[in-house]
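Understanding the architecture of this molecule
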Amino acid sequence: MARQRTDPDPACRSTVTETVVHYIPAAGTFLKAIATPLAFIAGTLLWRFRLSGHNPLYQWTLAACVGGGAATLMHLGVTGLRAATEPVNLASLGVFGLVWNTGEILVSIVLALLSALCVVAGWMVGIVALLAVLTLILIFAVKGINRLTTRRPATS
């Protein structure tokens, strides 16, 4: 009986790819070179679908200027920051690159945890607001029932 080959989990492949890109400079440089035009294309497409009910000329022009421009500027900003630290990385014989990449990973983990915390905090605020509204409705309902059921002395 032939044994079936199983591929690793996609998340595992993604983790391995991220690690290779972060810690092997040639792989990171190659992917950053490919990512620059892809950032423009992705930003343009995202904005194009956001403006789907408008004139196509207006839609694509605004999508390219705003969406593509913003995505490209963000990508080039990050790439420029990495390029600015290259002399330090060379002087430290690559040790600074390892420290920088480890710092990026830690910051991304912290930001992911903070975003999860924001979701939990949002739910908590929503629950507290809902309980406050329900409490006010209950208070007004009890006061209204008390007002209707209390006997008032007859006035002559």
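See the structure shown above.
In what follows, the accompanying structure is described. (Residues numbered from 1 in each chain as written. Predicted model: local features only at pLDDT ≥ 70, side-chain atom pairs only at ≥ 80, totals over all residues. Heavy atoms only, no water.)

Looking at the environment of Asn89
Short version of the rule: Working definition: helices are DSSP H or I runs of at least four residues, strands are E runs of at least two. Numbering for both runs from the N terminus. Exposure categories follow from relative accessible area, calculated using a 1.4 Å probe and restricted to protein chains: below 20% of the type maximum is buried, above 50% is exposed, and the middle band is partly exposed. Should any heavy atoms of two residues lie within 4.5 Å, those residues are counted as being in contact.
Looking at the secondary structure, you find Asn89 in helix α4 (residues 86-91). Judged by relative accessible area, Asn89 falls into the buried class, the value being 14%. Residues Asn89 and Val99, spaced 10 residues apart in sequence, show a C-alpha to C-alpha distance of 9.5 Å. With residues near it in sequence (within four places) discarded, Asn89 still touches Gly94, Val95, Phe96 and Gly97.

A word on a nonpolar patch on the surface
Short version of the rule: Patch membership needs two things, relative accessible area over 30% and no salt bridge, and members are linked within 9 Å if like-charged or within 5 Å if nonpolar (Val, Leu, Ile, Met, Phe, Trp, Tyr). Computed with a 1.4 Å probe, the accessible areas rest on the Shrake-Rupley method; for each residue, only the protein chains presented here act as cover. A pairing counts as a salt bridge when a side-chain nitrogen of Lys or Arg comes within 4 Å of a carboxyl oxygen of Asp or Glu.
On the surface, Val119, Val120, Trp123, Met124, Ile127, Leu130, Leu131, Val133, Leu134 and Ile137 cluster together to form a nonpolar patch covering roughly 1000 Å² of accessible area. Assignment of secondary structure puts Leu130 in helix α5 (residues 95-149).

Describing the packing of aromatic side chains
To keep it simple, the criterion reads: Stacked, tilted and edge-to-face are the three classes applied to pairs of Phe, Tyr and Trp rings, where Trp contributes its six-membered ring and a pair requires centres within 6.5 Å; stacked means planes under 30 degrees apart, edge-to-face means over 60, and tilted covers the rest.
Using the criterion set out here, one finds 1 aromatic pair in the structure. Between Phe96 and Trp100, the ring centres sit 5.8 Å apart and the planes meet at 45°, which makes this aromatic pair tilted. Residue Phe96 and its partner Trp100 are both found in helix α5; the two are separated by 4 residues, about one turn of the helix.

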